[in-house]
Amino acid sequence: MLSTEKLSTAFLAIIEEAEKAQKKNSSDKVSKRLQTIISIAKHQSDIRSAEKGKCCAGHKK
């Protein structure tokens, strides 16, 4: 199993590549799909880099 740090780095790489592809592609359909990928990867990266016990994802305040 990959460490949390390696997973976080992998998600950051996904974000970077999706953003590059988004800039090169002018199709709205593809751009929306890439934005979804970016959003998911950013969320996962944020969760994995959060201090243990500090993530409140999915919890209403």
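Keep in mind it's a predicted model, so treat the numbers as computed, not measured.

1. Examining the nonpolar core
- Of all hydrophobic cores here, the largest spans six residues; its members are F11, I15, A18, L34, I38 and A41.
- Put simply, the parts of the chain that give this core at least two residues each are α1 (4-24) and α2 (28-49).
- Filtering out sequence-adjacent residues up to four positions away, L34 remains in contact with A18, A21 and Q22.

2. With respect to α1
- Relative to the 30 Å expected for 21 residues at 1.5 Å per residue, α1 spans 31 Å between its end C-alpha atoms, a close match to the ideal helical length.
- Within α1 the residues assigned to the buried category are S8, F11, I15 and A18. Each buried residue of α1 lies within a common arc of 85° when the element is viewed along its axis, so the set occupies one face. Exposed and facing more than 90 degrees away from the buried side of α1 are E5, K6 and K24.

The rules behind these values
- Residues numbered from 1 in each chain as written.
- Predicted model: local features only at pLDDT ≥ 70, side-chain atom pairs only at ≥ 80, totals over all residues.
- Heavy atoms only, no water.
- Core = buried A, V, L, I, M, F, W, Y, C linked by side-chain atoms within 4.5 Å.
- Buried < 20%, exposed > 50% of the residue type's maximum accessible area, 1.4 Å probe, protein only.
- Helix = DSSP H or I, 4+ residues; strand = E, 2+ residues; numbered from the N terminus.
- Contact = heavy atoms within 4.5 Å.
- Expected span 1.5 Å × (residues − 1).
- Arc of directions from axis to C-beta.

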